[in-house]
Amino acid sequence: MRVSVDRDRCCSSGMCVTNVPEVFDQDDDDSLVRLRQNAFRPDQFEDLRLAAQLCPGGAITVVEDGPAEAGAASVDG
Ligand code: SF4
């Protein structure tokens, strides 16, 4: 699984931080999303899918690579 966040689309709602605090954080200066991890465990995948679905800005993208791969992250914007 790969996860990317687009800070240009983030509206600083903080929903991702509330739901998956070990992965998402908000920047102290502009409150935009930041990733705390650049690799993800399979047991986090379902929470990451939910975070992408619930993000009001559509700023979180999850790409499924395959059933047993390690996760990776990227940040845009
Ligand atoms: S849920 Fe979406 S809009 Fe809200 S802080 Fe996270 S990335 Fe930004």
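Keep in mind that this is a model prediction, so the values were computed, not measured. (Residues numbered from 1 in each chain as written. Predicted model: local features only at pLDDT ≥ 70, side-chain atom pairs only at ≥ 80, totals over all residues. Heavy atoms only, no water.)

(A) Structural context of the site of the ligand. Close to the ligand lie Cys 10, Cys 11, Ser 12, Ser 13, Gly 14, Met 15, Cys 16, Val 33, Cys 55, Pro 56, Ala 59 and Ile 60, which account for all nearby residues. A molecule is said to occupy a pocket when more than half its atoms come within 2 Å of that pocket's grid points, and by this definition the ligand occupies the largest cavity. Residue composition of the shell around the ligand, by class: nine nonpolar, three polar and no charged. (Near = heavy atom within 4 Å. 1 Å grid on protein atoms, 1.4 Å probe; cavity = no way out; pocket = protein on both sides within 12 Å on 5 of 7 lines; lining within 4 Å. Sits in = over half its atoms within 2 Å of the grid points. Nonpolar A, V, L, I, M, F, W, Y, C, P; charged D, E, K, R; others polar.)

(B) Region of interest: the pattern of salt bridges. Scanning all chains against the criterion turns up seven salt bridges. Note that Arg 36 is salt-bridged to Asp 25, the shortest N-O span being 3.4 Å. Taken as a pair, Arg 36 in the loop between strand 3 (33–35) and helix 2 (45–54) and Asp 25 in strand 2 (residues 24–26) lie far apart in primary sequence, 11 residues in all. Between Arg 41 and Asp 43 there is a salt bridge; the shortest N-O distance is 2.9 Å. (Salt bridge = Lys/Arg side-chain N within 4 Å of Asp/Glu carboxyl O. Helix = DSSP H or I, 4+ residues; strand = E, 2+ residues; numbered from the N terminus.)

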